[in-house]
Amino acid sequence: MTPLLAFILLAGPSDLDYLRQVAREVTQAAVVKPGGEIANAGRNTTGFTLRVPGGTQTYYPAFWIRDAAMMLGADLVPADEIAGWIKVVAAVQPGPGGLDFPHGLHVPPYSIPDHITLQGVACWYPGAYAEQGVGDFGYLPPADDAFYFIQMVYERYRLTRKAATFSEKVKTGWGEAALSEVSVKAFDSVAADPATGLVLCDATPGKGRVDWGFCDSISKTGSCLMPSLLRWQAARRLAELFGAIGQESQAKRFREEADRIRKSVPEVFYTHGSLVSATGLGRKDDVWGSAFAVWLGILPRPIEQAVSRHLVDLYRAGGTVVDGQVRGLPPDGALGGYWEKAKSAPDTYQNGGYWATPTGWFVAALRKTDRKAGDQVLGDFVAHIRAMRAKGAPFEWINPKTNTYANGNYGSSAGLVYAALN
């Protein structure tokens, strides 16, 4: 039985059709065509169609690399539009000297920004725009966007099956180069432990960075789980892309890097059924990261089963999932509760809010050991959207306890959930 057929049988065709319908509506509402204009963002002068995270009536009036990438994977965005995204992102990639800004901010060579304005200006840090901020959200750019850029490159290839797209020339901030070279340099711009392949967040004052954008209000140090999983995924995609254009030495390099990360993830992050989010500050039970790791298939089978059972136990115990939406940490326990250092207050945003972004991963992870539990989570999520669609569901995050339903028509709460289950 294929995963898609199993999904149809378990969730029912009406749920599948409805999720796809909502994903289409939400991703379409995010479109800003060339010359189009949205509040607080001005006119799109990039020459390409872009999509913003939460519809054009949004709290996020710019093109976010990760949020756009999270709309991919379910054939809701055409390949030619993705090609435009790639050009917009590549155009701001800095050269070998990187970039420096006031307040000690540094952009390493060949980095990929956090987001880009509709006028094509790179914003390297969360919580800021062209002024770049003061270091409240890291002194280096977040560690995930390079890997989401590679996802864009890969998704365009997946849709077209044209290997030549990986060799085409694109304009960058350091000159014209093959997209393959731009991608490799982006991959290498994010610091990783050469022994383990895991992404590192420096604890040195003035050197820290956000590990990934959906924890941009959280401080973490040491080896970090989520960007390491994204790095593994990107390495595998680069290996496939280089294989498609006949560059076997590069394909081999990225296969070996993926193998190194695969071996290291359980050795470094696994503890008592869960995967911790970081080895330093932020050493907490990472519900999202654990679900994503199971969904990716990176874990050895016994550990995958143990992590799945742990997530089922959290779900059955209550408090981790509300209306099919998932908290970043379990609500209590030694490795649960709230993050040690966060800009968001307890029970808000990334520090106790409930999000749909990981719902597809979470459902898939539960189904590894308890298909009924996964089905229940999905059913609750669909029921929530049906009940609150007119008010904007799916939202960015919710907390019914405080009657909070933030930012309706949120892209990753629709497109990513559908793609993860498809």
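Residues numbered from 1 in each chain as written. Predicted model: local features only at pLDDT ≥ 70, side-chain atom pairs only at ≥ 80, totals over all residues. Heavy atoms only, no water.

Caption draft 1: View of the side chain of Gln 305. In this structure, Gln 305 sits in helix H10 (residues 301–317). Judged by relative accessible area, which is 16%, Gln 305 ranks as buried. Discounting residues that sit within four places of it in the chain, Gln 305 has contacts with Lys 368 and Thr 369. (Helix = DSSP H or I, 4+ residues; strand = E, 2+ residues; numbered from the N terminus. Buried < 20%, exposed > 50% of the residue type's maximum accessible area, 1.4 Å probe, protein only. Contact = heavy atoms within 4.5 Å.)

Caption draft 2: Spotlight on the sheet that holds strand S8 (residues 115–116). Taking strand neighbours across the sheet as the criterion, the three strands line up as S5-S8-S9 in an open arrangement whose pairing is antiparallel. The open sheet has two edge strands, strand S5 (63–64) and strand S9 (122–123), and neither has a second partner. (Pairing = 2+ DSSP bridges.)

Caption draft 3: Region of the structure containing unusual backbone geometry. With omega at 5°, the peptide bond leading from Ala 393 into Pro 394 counts as cis. Summarising the element assignment, Pro 394 is placed in the loop between helix H12 (371–388) and strand S19 (397–399). In the Ramachandran plot, Asp 323 falls in the positive-phi region, its phi being about 50° despite a non-glycine side chain. Examined against the element boundaries, Asp 323 turns out to sit in the loop between strand S16 (321–322) and strand S17 (325–327). Positioned with a positive phi, Asn 409 is a non-glycine residue whose angle comes to about 55°. Looking at the secondary structure, you find Asn 409 in the loop between strand S20 (404–406) and helix H13 (415–421). Residue Asn 409 is classed as partly exposed on the basis of its relative accessible area of 24%.

Caption draft 4: View of the side chain of Ser 228. With respect to the secondary-structure elements, Ser 228 resides in helix H7 (residues 225–244). You can call Ser 228 buried: its relative accessible area is 0%. From its side chain, Ser 228 meets the backbone oxygen of Cys 224 in a polar contact 2.6 Å long. Non-local contacts of Ser 228, meaning those with residues more than four positions away in its chain, are made with Leu 198, Val 199, Ile 261 and Phe 269. (Polar contact = N/O pair within 3.5 Å; in protein donor to acceptor, adjacent residues only side chain to side chain.)

Caption draft 5: Focus on the environment of Met 152. Secondary-structure assignment places Met 152 in helix H5 (residues 145–160). On a C-alpha basis, the gap between Met 152 and Leu 281 in space is 31 Å, while along the polypeptide they are 129 residues apart.

Caption draft 6: Inspection of the pattern of salt bridges at higher detail. Under the defined criterion, the tally for this structure stands at 24 salt bridges. Put simply, Asp 15 and Arg 386 hold a salt bridge, and the shortest N to O gap is 3.7 Å. Of this pair, Asp 15 sits in helix H2 (residues 13–29) while Arg 386 sits in helix H12; the two residues are 371 residues apart in sequence, bridging distant segments of the chain. Under the relative-accessibility criterion, Asp 15 is labelled buried at 14%. Accessibility expressed as a relative area gives 42% for Arg 386, which makes it partly exposed. Across the pair Arg 158 and Asp 75 runs a salt bridge whose closest N-O atoms are separated by 2.7 Å. Of this pair, Arg 158 sits in helix H5 while Asp 75 sits in the loop between helix H3 (65–69) and helix H4 (79–90); the two residues are 83 residues apart in sequence, bridging distant segments of the chain. Of the residues examined, Arg 158 reaches a relative accessible area of 26% and is grouped as partly exposed. (Salt bridge = Lys/Arg side-chain N within 4 Å of Asp/Glu carboxyl O.)

Caption draft 7: Examining the packing of aromatic side chains more closely. For the structure shown, the criterion picks out 19 aromatic pairs. Consider the rings of Tyr 60 and Tyr 410, whose centres lie 6.2 Å apart with planes at 55°: the pair is tilted. Here Tyr 60 is found in the loop between strand S4 (50–51) and S5, whereas its partner Tyr 410 is found in the loop between S20 and H13, with 350 residues between them in sequence. Of the two residues, Tyr 60 and Tyr 410, both sit in the buried class. With a centroid separation of 6.0 Å and an interplanar angle of 70°, the aromatic rings of Trp 212 and Trp 288 are classed as edge-to-face. Residue Trp 212 is located in the loop between strand S12 (200–201) and strand S13 (222–223), and its partner Trp 288 is located in helix H9 (residues 287–296); the two are separated by 76 residues in the primary sequence. Of the two residues, Trp 212 and Trp 288, both sit in the buried class. Taken together, the ring pairs in this structure connect Phe 147, Phe 166, Phe 187, Phe 242 and Phe 254 into an aromatic cluster. In this structure, Lys 185 is placed above the aromatic ring of Tyr 110, and the distance from its NZ or CZ to the ring centre is 4.4 Å. Lying across the ring of Phe 137, Lys 343 places its NZ or CZ 5.1 Å from the centre. (Phe/Tyr/Trp six-rings, centres within 6.5 Å; stacked < 30°, edge-to-face > 60°. Lys NZ or Arg CZ within 6 Å of the ring centre and 35° of its normal.)

Caption draft 8: Focus on the sheet that holds S19. One open sheet accounts for five strands, arranged S16-S17-S18-S19-S20; its pairing is antiparallel. Looking at strand neighbours, the two that pair on one side only are S16 and S20, the edges of this open sheet.

Caption draft 9: Summary view of helix H6 (residues 179–188). In terms of burial, H6 is a largely internal element, seven of the 10 residues being buried. Those residues of H6 that sit buried are Leu 179, Ser 180, Val 182, Ser 183, Val 184, Ala 186 and Phe 187. Next to the buried residues of H6 lie H4, H5, strand S10 (169–172), strand S11 (175–178), H7 and helix H8 (248–269).

Caption draft 10: The arrangement of the packing of H10 against helix H11 (residues 359–367) in detail. Put simply, H10 and H11 touch, their axes get as near as 8 Å, and they point 110° apart. When the axes of H10 and H11 are compared, the pair comes out roughly perpendicular. H10 and H11 meet at a crossing whose hand is left-handed. Taking contact as the criterion, the partners of Ser 308, Leu 311, Val 312 and Tyr 315 in H10 are, on H11, Phe 362, Ala 365 and Leu 366. (Axes fitted to C-alpha atoms, helices over the stretch in contact; angles between N-to-C directions. Parallel < 35°, antiparallel > 145°, perpendicular 65-115°, else oblique. Left-handed = near helix turned anticlockwise from the far one by under 90°.)

Caption draft 11: View of the nonpolar core. By size, the foremost hydrophobic cluster in this structure holds 127 residues, and its most contacted members are Phe 149, Met 152, Leu 229, Val 265, Leu 299, Leu 311 and Phe 362. Looking at this core element by element, the count peaks at 11 residues for H7. Setting aside residues up to four positions removed in sequence, Leu 229 forms contacts with Val 265, Gly 289, Phe 292, Ala 293, Leu 296 and Ile 298. Tyr 354, Met 388, Ala 393 and Ile 398 belong to the second-largest nonpolar core, a separate cluster that totals five residues. (Core = buried A, V, L, I, M, F, W, Y, C linked by side-chain atoms within 4.5 Å.)

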